[in-house]
Amino acid sequence: MRDADLSILVIDENAIRAQIIEEGLRAAGHARVTVVHEIQGVARTIERVSPDVIVIDLENPNRDMLESMFLLSRSVQRPIAMFVDRSDKAAIEAAVEAGVSAYVVDGLKQERVKPILDMAISRFNAFSRMARELEEARTELESRKIVDRAKAILMKSRGLSEDAAYKLLRSTAMNQNRKIADIAQSLVMAAGLLEG
Amino acid sequence: MTEEADIRVGFVPLLDSAILVSAVVKGFTREEGLVVALRREPSWASIRDRLAVGALDAAHILAPMPIAANLGLFPLSPSLIAPIAMGLGGNAVTVSNAVAGELRDAGAGDTLDAGVVGRALRDVVVARRARGLAPLKFGVVYSFSGHNFELRFWLAACGIDPDRDVQIVVLPPPQMPGALAEGLIDGFCAGEPWNTAAVRAGAGAIATVKAKIWRSSPEKVLGVSRPWAQENAAALDAFLRALYRAALWCADRANHEELARILASPRFINVDPALLMTGLTGAMEVAPGRTVQVDDFFLTAGKAATFPWQSHALWFYSQMVRWGFCSHSPHNTLIARDSYRPDLYRRALRGLGAPLPGANLKVEGALVAPTLVGAANSSLVLGPDGFFDGHIFDPDQIDDYIRSQMDERVSG
């Protein structure tokens, strides 16, 4: 059996992350990749595709249910164990840190599973990084908006130019050892209270 | 999770995380000089994996889990010890309104008595089979849980084979009330607040409770990474002292409202505090508008509620063997027994004046009334601690106990 013949099941409620993993596996030459987003009905999927490897988000609350299926011989013929070589502590740690959980059919050789796991770990990490960057970008955008509003308030109430309003915010922030956005936020809130 | 934490502890949002949560929130751990990082976990599998790789040092876990872990029954099995229990009781069996009606018609009446309700349930199971209906489906929270084992024990003792006559499936606790309402399951055995939540949502009624199936029995323990415990003896002792003092605080009625508010907050269980009061006071709302006061529903102090009895560990082990999770051998029996560590409990609490049982094991089900027993430091009252069917479990006779249950299964 070549690696491309391994049946891989990806269970992920996050459709975008699942797609990222699936693309990675296909790019690496795996043709038999099945992706499901919901745990409902997964027993039938497992029976149908008879996976050699199951990759699931470590934080998925339905993992207890999934593992109970492995204990029932009805839905999975062969016993499934997490990672082939349990002594490979570094690989397991990396997976848990990345939030990847993997179940592997007993008897499958380490060298065949390792690349799949490494791929899942790197794709999970890439996804987390992307999510973090999106969050940062969102925060950045919101900060800019709030600073603009604070500047407008200062321009109106003190008759300052835009440049002078910004400088006032910046110097206040520096004096108080806080972020400009925090100062702006306080100012906008205070203005809101005074107006209200 | 902070870098400088002395101990990183996982928990699953349930009423019986009360001792752990209050130990941290009410400052008992701080008074012991400990910085504790609490981490909420979405599943028992997740807690187990984090314990296995050292991302957690300890956790609020199901009482059978350290045993299963040390027997290597998990896909990834950490080496764990249980030096303290997180209280006694706290679970219930809730059934759909339809099944509650059938139970009533079959003579269950208004009682929570496990024997009476169980006999009615057997009649319901038989009647449903005669009518060609699908077997009843019960949800439990995990394969290696007190819920699974007490539900199976109860069903089997009432003449219902838990594998052939009904179907048992695993579901996360917060999903139980919804699954019951939607008819995906006919009943479930889970901890609070999910039984009360199902009743309040009009999804079902409480049929019986853990305290009626096996009174004064353990539900959660503190599972500690064995390597961590060996390298951090002083921190472990301090942590156990804080947990013990928190357990006393939790047991004081005057603190129940505050405790319910703490546990109900978004950081922990994230529910209406009223859902937690029933379990804390034992005044269980078994059906809309009907409240039953249950003795010893959930105990955190008194009756050695936090003592990690090795007889409890061995009973769970006997049930793992009974239902085919592992094989019985003298070696496995010792692994199971030594997963619970009363010696560490005594070592940590000696200076606190806590009543410390002198024995590591007791005969389960022998005490039919509250009984004064020998203990170091101060007097200790134990019991009643019976199984509902009147059988006793003598850990010295575990071979016979397992054999008789297995024989029963084959002949049944």
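Residues numbered from 1 in each chain as written. Chains lettered and ligands numbered in written order. Predicted model: local features only at pLDDT ≥ 70, side-chain atom pairs only at ≥ 80, totals over all residues.

Enquirer: How should the overall build of chain A be read in this particular structure?
Expert: Each helix and strand counted, chain A has seven helices and five strands in total. Along chain A, helices and strands appear, N-terminal first, in the series β-α-β-α-β-α-β-α-β-α-α-α. Out of the 196 residues belonging to chain A, those deemed buried represent 32%. (Helix = DSSP H or I, 4+ residues; strand = E, 2+ residues; numbered from the N terminus. Buried ≥ 20, exposed ≤ 12 C-beta atoms within 10 Å, placed from the backbone.)

Enquirer: Help me understand the overall build of chain B, please; the structure alone is not making it clear to me.
Expert: A tally of regular secondary structure across chain B gives 18 helices and 18 strands. Relative to the compact-globule value of 22 Å for 412 residues, chain B shows a C-alpha radius of gyration of 20 Å, a close match. Across its three principal directions, the C-alpha atoms of chain B cover 65 × 45 × 45 Å. Considering chain B as a whole, with its 412 residues, one finds that 58% of them fall into the buried category. (Rg over C-alpha atoms; globule rule 2.2 N^0.38 Å.)

Enquirer: Whenever I open this one, the sheet that holds strand β10 (residues 204-209) of chain B confuses me. Can you help?
Expert: Two strands in a sheet stick together by hydrogen bonds in their backbones, pointing the same way (parallel) or opposite ways (antiparallel). All names here are of chain B. The strand order β8-β7-β9-β6-β10 describes an open sheet built from five strands, whose pairing is mixed. In the strand order of this sheet, the two ends are held by β8 (167-170) and β10, each with one partner. Neighbouring strand axes in the sheet, compared pairwise and without regard to direction, differ in orientation by 25° on average. Pairing of strand β7 (residues 137-140) with β8, which is carried by four bridges, proceeds in the parallel orientation. Pairing of Phe138 across the sheet is with Ile168, part of β8. Lying over the sheet, helix α5 (residues 97-108) contacts β6 (91-96), β9 (187-191) and β10, oriented at roughly 95° with respect to β6. (Pairing = 2+ DSSP bridges. Axes fitted to C-alpha atoms, helices over the stretch in contact; angles between N-to-C directions. Contact = placed C-beta atoms within 7 Å.)

Enquirer: Is there a simple way to explain the domain arrangement of chain B in this structure?
Expert: In many reports, interface size means the accessible area that the parts give up when they come together. Residues and elements named next belong to chain B. Here chain B is described as being made up of domain 1 (7-88 + 218-271 + 303-322) and domain 2 (91-213). For domain 1 and domain 2, the distance between their C-alpha centroids amounts to 27 Å. Counting residues at the interface gives 16 residues for domain 1 and 15 residues for domain 2. Going through the elements one at a time, α4 (65-70) and α15 (310-322) are the ones with two or more residues in the side of domain 1 that touches domain 2. (Domains from an automatic or database assignment.)

Enquirer: Whenever I open this one, the confidence of the model for chain A confuses me. Can you help?
Expert: In regions of low pLDDT, the predicted coordinates are not meant to be interpreted in detail. Summary statistics for chain A give a mean pLDDT of 84 and a share of 89% for residues scoring 70 or more. Ranking the helices and strands of chain A by mean pLDDT puts strand β2 (residues 33-36) of chain A first, with 95, and strand β4 (residues 80-81) of chain A last, with 64. (pLDDT = per-residue confidence, 0-100.)

Enquirer: Is there a simple way to explain the packing of helix α5 (residues 110-158) of chain A against helix α6 (residues 162-176) of chain A in this structure?
Expert: Residue and element names in this part refer to chain A. Where α5 contacts α6, the two axes come as close as 9 Å, and the packing angle between them is 115°. The angle between the axes of α5 and α6 places the two elements in the roughly perpendicular class. Along this stretch, α5 crosses α6, giving a crossing that reads as right-handed. For the pair formed by α5 and α6, the contact residues are Val147, Ala150, Lys151, Leu154 and Met155 on the first element and Glu162, Ala165, Tyr166, Leu168 and Leu169 on the second. Here the contact of α5 with α6 is composed, by residue class, of eight nonpolar, no polar and two charged. (Parallel < 35°, antiparallel > 145°, perpendicular 65-115°, else oblique. Left-handed = near helix turned anticlockwise from the far one by under 90°. Nonpolar A, V, L, I, M, F, W, Y, C, P; charged D, E, K, R; others polar.)

Enquirer: Please explain the sheet that holds strand β1 (residues 7-11) of chain B as it appears in this structure.
Expert: Residue and element names in this part refer to chain B. Strand order in the open sheet formed by five strands is β2-β1-β3-β11-β4, and the pairing between neighbours is mixed. In this open sheet, the two strands that pair with only one neighbour each are β2 (36-40) and β4 (80-85). On average, each strand axis in the sheet is inclined to that of its neighbour by 30°, with strand direction left out of account. Across five bridges, the pairing between strand β3 (residues 58-62) and strand β11 (residues 220-225) is antiparallel. Among the inter-strand pairings, His60 is bridged to a residue of β11, identified as Leu222. In this fold helix α1 (residues 18-25) packs onto β1, β2 and β3, with an angle of close to 140° to the strand it touches most, β1.

Enquirer: Even after reading the chapter, I still don't get unusual backbone geometry, so can you show me in this structure?
Expert: Across residues other than glycine, the phi torsion is negative in most instances, and most of the peptide bonds are trans. Residue and element names in this part refer to chain B. Here the amide bond leading from Glu192 into Pro193 is cis, since omega sits at 10°, within 30 degrees of zero. Along the chain, Pro193 falls in the loop between β9 and α9 (194-200). Gly383 connects to Pro384 through a cis peptide bond whose omega is -5°. Note that Pro384 resides in the loop between β18 (380-382) and α18 (398-411). The phi dihedral of Asn270 falls on the positive side, at around 60°, and the residue is not glycine. Take Asn270: it is sitting in the loop between α13 (256-264) and α14 (274-281). Classification of Asn270 as exposed rests on a count of 12 C-beta atoms within 10 Å.

Enquirer: What am I meant to see in the nonpolar core here?
Expert: The nonpolar side chains of a soluble globular protein tend to be buried, and buried together. Residues A:Val55, A:Ala102, B:Leu243 and B:Leu263 are the most contacted members of the largest nonpolar core, which totals 185 residues. When residues of this core are assigned to their parent elements, the largest contribution, 13 residues, is made by helix α12 (residues 233-251) of chain B. A:Leu154, A:Ala165, A:Ile183 and A:Leu187 belong to the second-largest nonpolar core, a separate cluster that totals eight residues. (Core = buried A, V, L, I, M, F, W, Y, C linked by C-beta atoms within 7 Å.)

Enquirer: I tried to follow the interface of chain A and chain B on my own but got confused; where do I start?
Expert: Contacts between chain A and chain B engage 18 residues on the former and 17 residues on the latter. Looking at the side of chain A that touches chain B, the elements that each hand over two or more residues are α3 (63-71), β4, α4 (89-98) and β5 (100-105) of chain A. Per-element accounting of the side of chain A that touches chain B gives the leading share, six residues, to α3(A). A breakdown of the residues in the side of chain A that touches chain B according to their chemical character gives ten nonpolar, three polar and five charged.

Enquirer: In this structure, what is going on with the environment of B:Ala359? I would like to understand it.
Expert: All names here are of chain B. Considering the arrangement of structural elements, one finds Ala359 in the loop between β15 (356-357) and β16 (371-373). Judged by C-beta crowding, with 14 C-beta atoms within 10 Å, Ala359 ranks as partly exposed. For the pair Ala359 and Asp394, spaced 35 residues apart in the sequence, the C-alpha separation amounts to 14 Å.

Enquirer: How should helix α1 (residues 15-27) of chain A be read in this particular structure?
Expert: Residues and elements named next belong to chain A. With 13 residues, α1 should reach 18 Å at 1.5 Å per residue; the first-to-last C-alpha distance of 18 Å fits that figure. Of the residues making up α1, those classed as buried are Arg17, Ala18, Ile21 and Leu25. For α1, the angular spread of the buried residues around the axis is 100°, confining them to a single face. Counted as exposed and oriented over 90 degrees from the buried face of α1: Ala15, Ile16, Glu23 and Ala27. Phi for Gly29, located one or two positions after α1, is positive at around 95°. (Expected span 1.5 Å × (residues − 1). Arc of directions from axis to C-beta.)

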